[in-house]
Amino acid sequence: MNDNGSAGKQPENRHKLGTFAGVFTPSILTILGIILFMRLGYVVGAAGLKQALLIILIANLISVLTSLSLAAVATNLTVRGGGDYYLISRTLGLEFGGALGLVLFLAQSVSIAFYCIGFAEVLVGFRGGSEITVQVVALIAVAGLFVLAWQGADWATRFQYVVMSFLALALISFFLGGLLDWDGELFRRNWQAPPSRGGGFWILFAVFFPAVTGFTQGVSMSGDLRDPGKSLPLGTLLAVGISILVYFSAALLFAGALPVETLSMDYQAMNRVARVPFLITLGVFAATLSSAMASFLGAPRILQSLAGDKIFPWLNFFAKGSGPMNNPRRAVLLAAAIAVLTVGLGDLNLIAAVVSMFFLISYGLLNYATYFEARASSPSFRPRFKWFHQRASLAGAVICLLVMLAIDWKAGALAVTVLFIIHQYLQVTVQQSRWADSRRSHHLHQVREHLLQVSQELEHPRDWRPHILAFSDDRERRGFLLHFAAWLEGRSGLTTVARILVGGGAQRYKEKQQAENELHEDIERFGVQAFPLVVSAPNFSQGSSILLQSYGIGPLRANTILLNRRSPYSQRFFGNRPDAYGRNLRVALRLGYNLIILDAERQEWQTVHEQAAKERKIDIWYEKDANGSLMLMLGYLMTRHPFWEHAGLRVLIKAVDADAEAARQEMEEELDQVRINAEVFVAEDTADCAAQSGSSSLVLLPVELKKGLLLDRDQTPVEEVLPKLPLAAMVLATQDIQLDAEPEEGEAGLLAAAEDDYGAALQRAKNAEKEHAEAQQSFDGRLKNLIAAQHDQNKSAAERADLHKDLEKAKAALDKASRYVAKAETLAEQELKELERLRKKIRS
């Protein structure tokens, strides 16, 4: 026995199948099945020829679009065992693949019973017998096919060649009879005949649709193929193409040989048309048994591949194969058991509807997987098959969904529910994928698209969220920092945990990798969402300067530095001496980073976690400045984190001019305006604030930096205040967070106003030019009149004097208009310069 899963060692090529035997044969034999022989004539008669051709067209449109998608995916990767399951799981991920693989195995196992019961009903119908006889014959058929499946794909392939010969003879007999009995007048009547019976278009579509569900049978044999990338698209498309010709031709021959009234009432209509009716009977036997055989080959291979991927631990037993072809005998046994159980149930109508939905879902997911892969624009998506388009694949997925709803929305909903339950189960139970799929590529593509879109939008105060650079060089205290960063994010920002390694050389690169691994481990160990970043530099100053200036991509950049007060990084930012204004800190503040310093002792941290959720309280020592706005925002964001969602938020202010009530009312109005729910407490001084906050869970403390020292709002060094407080975070803001910013405010509003001003100035300049042109025209007219009067002997001196005065007035109006034009053009130029200055400032 060989313990080979889908990703394990594959059977040797000399034992594998080619395109004809491995793909074309099982696909064409399943497509040209019992629907062709016993239901196509009924569909033509019940629907009328026009609607019957439309039914065939829609059904085959699904098969063609799915075949194109299959060809694209199959030529883009090395296809191993598992067929549809393998392709979808390697594209959409193990959740979709695992859910679909499990239900497809069950669907195909049940299909074995369907086809065997169909075979038994036809056989018993000829010889006469009871329902018990049908079940006995069906069980005998299952047993015979089981023997072939147990022996392996090569034995089953030999059986399929025999079946194919019977099918070919049956079709020759039918086409020969149809052509010889062709009646053009009857065909015209049948073409114009309205639908006679059958319950509606979609019910008849549901009757016919199983005819095209066999085109993926060859895909299930992917692990037994010598060259899946070549055989799958070629064999599948060839089978689909030939079957389309057969079904359309057969429908036309039915319409030209028998009236629709006869077709709609006789499932044996093909026997009437065929030149040798007995061959049609053999064809029905061959069709049912070949379809059952294809399912008997496909179902165990899906289960074997699924088990080999170790998605469901309780299926691992079925991963082992036997012989050089890695024949999945254990899975064959399970498929046979399900088939036998299904035969024993007798009435299959309810199960049949759901099984059809599973096949439709698999085709829809295969189409969507191709669209998903192509849409992600992954450089690795380089299919050799070029005759596909991602929109065609998306159309195939949508059509499958619509057809499911049209045929039987209840069965479709049940099938989708089963898949969803298994999908959710896998999401919870499987922590890490065992292979690469297209989801990460899709997410990277989305990141690219979204970053490009964000870069084209103007920044606005309403969009502000904390993007944190958390410096951590102390593994003992890193957990405090990571958890606190997650609290500050409030599920809206991003955190990057950064380390700076000092030194150079080859050894430093090895240490850098080790440091990144350590950060990865801690992020995972503490269960937070953060990105690790390690920078190597000759010294800390250079490393921090480079990191703070270059970190980020496009518009996505950090805006807040988070430090542990007692960490080595805190000392490096502030300098070695308490009164030394650190160069590194000056760089950070000048670059616009907000600064948050966490002061956390282990006992304080433990006390907060031991408190009941509703007893936790966050205190904000508020001042009406940038620090106050930032602390209000951070306090609110913390209450969005599960740890603090039931905590109370309290704002501590000092009374202005000893009017406590007025200060409280003003603060409550401000909180209401910015839509933050918090309790307001008016304190007398810092000592009173410290006394009130002694029983709180966390204090956000505003600080300022003077001569290298951190001072509170009363200019007291924080070293004197912190011992009186519980868990605390000191906040120094360099960015003014506008909590009540309106959509029209911000850079977009400023730019819009500048554009409006420039537009107005430009319009004034145009109006001035128009007035200048009118004044020039008036002046030229009066000048012309004066010149003409001077040459006219009939004009008196008084008349000439009046014309001269008019000219002087026109000249004055023209000079005024010229000055107005110059002034308007100058103003327009100034507004344009201001607009360009503002645009340049916003871009920078």
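The structure contained in this document is the topic of the report that follows.

Reading the values: rules and limits
Residues numbered from 1 in each chain as written. Predicted model: local features only at pLDDT ≥ 70, side-chain atom pairs only at ≥ 80, totals over all residues. Heavy atoms only, no water. Pairing = 2+ DSSP bridges. Helix = DSSP H or I, 4+ residues; strand = E, 2+ residues; numbered from the N terminus. Axes fitted to C-alpha atoms, helices over the stretch in contact; angles between N-to-C directions. Contact = heavy atoms within 4.5 Å. Patch = residues over 30% accessible without salt bridge, like charges linked within 9 Å, V, L, I, M, F, W, Y side chains within 5 Å. Areas by Shrake-Rupley, 256 points an atom, 1.4 Å probe, with all protein chains shown as cover. Salt bridge = Lys/Arg side-chain N within 4 Å of Asp/Glu carboxyl O. Parallel < 35°, antiparallel > 145°, perpendicular 65-115°, else oblique. Left-handed = near helix turned anticlockwise from the far one by under 90°. Nonpolar A, V, L, I, M, F, W, Y, C, P; charged D, E, K, R; others polar. Buried < 20%, exposed > 50% of the residue type's maximum accessible area, 1.4 Å probe, protein only. Lys, Arg positive; Asp, Glu negative; His and termini not counted. Charge placed at Lys NZ, Arg CZ, Asp CG, Glu CD. Phe/Tyr/Trp six-rings, centres within 6.5 Å; stacked < 30°, edge-to-face > 60°. Lys NZ or Arg CZ within 6 Å of the ring centre and 35° of its normal. 1 Å grid on protein atoms, 1.4 Å probe; cavity = no way out; pocket = protein on both sides within 12 Å on 5 of 7 lines; lining within 4 Å. Points joined across faces, edges and corners; volume = space filled by probe spheres on them. Right-handed = clockwise from strand over helix to strand, strands pointing away.

Judged by pairing direction, the sheet is mixed, and its ten strands sit side by side in the order S3-S2-S1-S4-S5-S12-S9-S6-S7-S8 without closing on themselves. Two strands in the sheet have a free side with no partner beyond their single neighbour: strand S3 (531–537) and strand S8 (679–683). The average angle at which neighbouring strand axes cross in this sheet is 25°, direction not considered. In this sheet, S8 lies alongside strand S7 (residues 648–654) in parallel orientation, the contact comprising five bridges. Note on S8: the bridge partner recorded for Lys 654 is Ala 683. Across the sheet, helix H19 (residues 478–489) is in contact with strand S1 (467–471), strand S2 (494–502), strand S4 (560–564), strand S5 (594–599), strand S9 (698–702) and strand S12 (727–732); its angle to S4 comes to roughly 150°. The strands that helix H26 (residues 660–673) touches are S7 and S8; relative to S8, the one it contacts most, it runs at about 150°.

On the surface, a nonpolar cluster with roughly 670 Å² of combined accessible area is contributed by Tyr 368, Leu 394, Val 398, Leu 401, Leu 402, Leu 405 and Trp 409. For the nonpolar patch, the element with the most residues is helix H17 (residues 390–429), which contributes six residues. In this structure, Leu 402 sits in helix H17.

Taken N-terminus to C-terminus, the directions of helix H14 (residues 277–308) and helix H15 (residues 329–345) make an angle of 120°; their axes are 8 Å apart at the nearest point. In terms of axis orientation, H14 runs oblique to H15. The two elements H14 and H15 cross, and the hand of that crossing is right-handed. Between H14 and H15, the residues in contact are Phe 296, Pro 300 and Leu 303 and Ala 331, Val 332, Leu 334, Ala 335 and Ala 336, respectively. Residues belonging to the contact of H14 with H15 are distributed by class as follows: eight nonpolar, no polar and no charged.

Attention now moves to the environment of Leu 106. Along the chain, the position of Leu 106 falls in helix H6 (residues 94–127). By relative accessible area, which is 39% here, Leu 106 ends up partly exposed. When the C-alpha atoms of Leu 106 and Leu 334 are compared, they prove to be 9.9 Å apart, with 228 residues separating the residues in sequence.

Further remarks concern the packing of H19 against helix H25 (residues 626–638). H25 packs onto H19 with a crossing angle of 100° between their chain directions and a minimal axis gap of 6 Å. As far as their axial angle goes, H25 and H19 are roughly perpendicular. Across the interface between the two elements, Phe 484, Trp 487, Leu 488 and Glu 489 of H19 pack against Leu 634, Leu 637 and Met 638 of H25.

A cluster of acidic side chains, namely Glu 666, Glu 668, Glu 669 and Asp 672, defines a negative patch on the protein surface. Assignment of secondary structure puts Asp 672 in helix H26. Residue Asp 672 is classed as exposed on the basis of its relative accessible area, which comes to 62%.

By the definition in use, this model includes 24 aromatic pairs. Taken together, a centroid distance of 6.2 Å and an interplanar angle of 20° make the contact between Phe 20 and Tyr 161 stacked. Of this pair, Phe 20 sits in helix H1 (residues 19–31) while Tyr 161 sits in helix H8 (residues 153–180); the two residues are 141 residues apart in sequence, bridging distant segments of the chain. The class of Phe 20 is partly exposed, set by a relative accessible area of 42%. On the numbers, 4.9 Å between centres and 10° between planes, the contact of Trp 487 with Phe 643 is stacked. Placement of Trp 487 in helix H19 and of Phe 643 in the loop between H25 and S7 is noted, with a sequence separation of 156 residues between them. For the pair shown, Trp 487 and Phe 643 are each scored as buried. Members of the aromatic cluster, connected to one another through ring pairs, are Phe 480, Phe 484, Trp 487, Trp 605, Phe 643 and Trp 644. Note that Arg 616 overlies the ring of Phe 643, its terminal NZ or CZ placed 3.7 Å from the centroid.

For the structure shown, the criterion picks out 22 salt bridges. With its nearest N and O atoms 3.4 Å apart, the salt bridge here joins Glu 518 to Arg 499. Taken together, the positions of Glu 518 in helix H20 (residues 506–525) and Arg 499 in strand S2 put the pair 19 residues apart, joining distant regions of the chain. According to the relative accessible area criterion, Arg 499 is buried, its value standing at 12%.

Attention now goes to helix H27 (residues 686–693). Since the α-helix packs 3.6 residues into each turn, any two residues three or four apart lie on the same face. Those residues of H27 that sit buried are Thr 686, Asp 688, Cys 689, Ala 690 and Ser 693. Buried residues along H27 sit in contact with strand S6 (617–621), S7, S8 and S9.

Under the defined criterion, the tally for this structure stands at two cavities of 30 Å³ or more. Considering only enclosed or pocket space, the second largest cavity measures out at about 30 Å³ in volume. Taken together, Ser 111, Tyr 115, Thr 213, Gln 217, Ser 295 and Phe 359 make up the full set of residues lining the second largest cavity. Looking at the lining of the second largest cavity residue by residue, the class counts come to two nonpolar, four polar and no charged.

In this section: unusual backbone geometry. Here the phi dihedral of Lys 310 falls at roughly 55°; this positive angle occurs in a residue that is not glycine. Looking at the element boundaries, Lys 310 is found in the loop between H14 and H15. Under the relative-accessibility criterion, Lys 310 is labelled partly exposed at 46%. If you check the backbone angles, Arg 491 has positive phi at about 65° while not being a glycine. Along the chain, Arg 491 turns up in the loop between H19 and S2.

Right, let's get into the pairing of S6. Put simply, side chains in a regular strand alternate between the two faces of the sheet. Among the five residues in S6, four count as buried, and that is most of the element. The sheet contact formed by S6 and S7 spans five bridges and is parallel. Note that in S7 the partner of Ile 620 across the bridge is Val 651. Between the parallel pair S6 and S7, the chain is carried across by H25, and the sense of this crossover is right-handed. Relative to S9, S6 runs parallel, the two being bridged by three bridges. For Asp 619, the partnering residue across the bridge sits in S9 and is Val 699.

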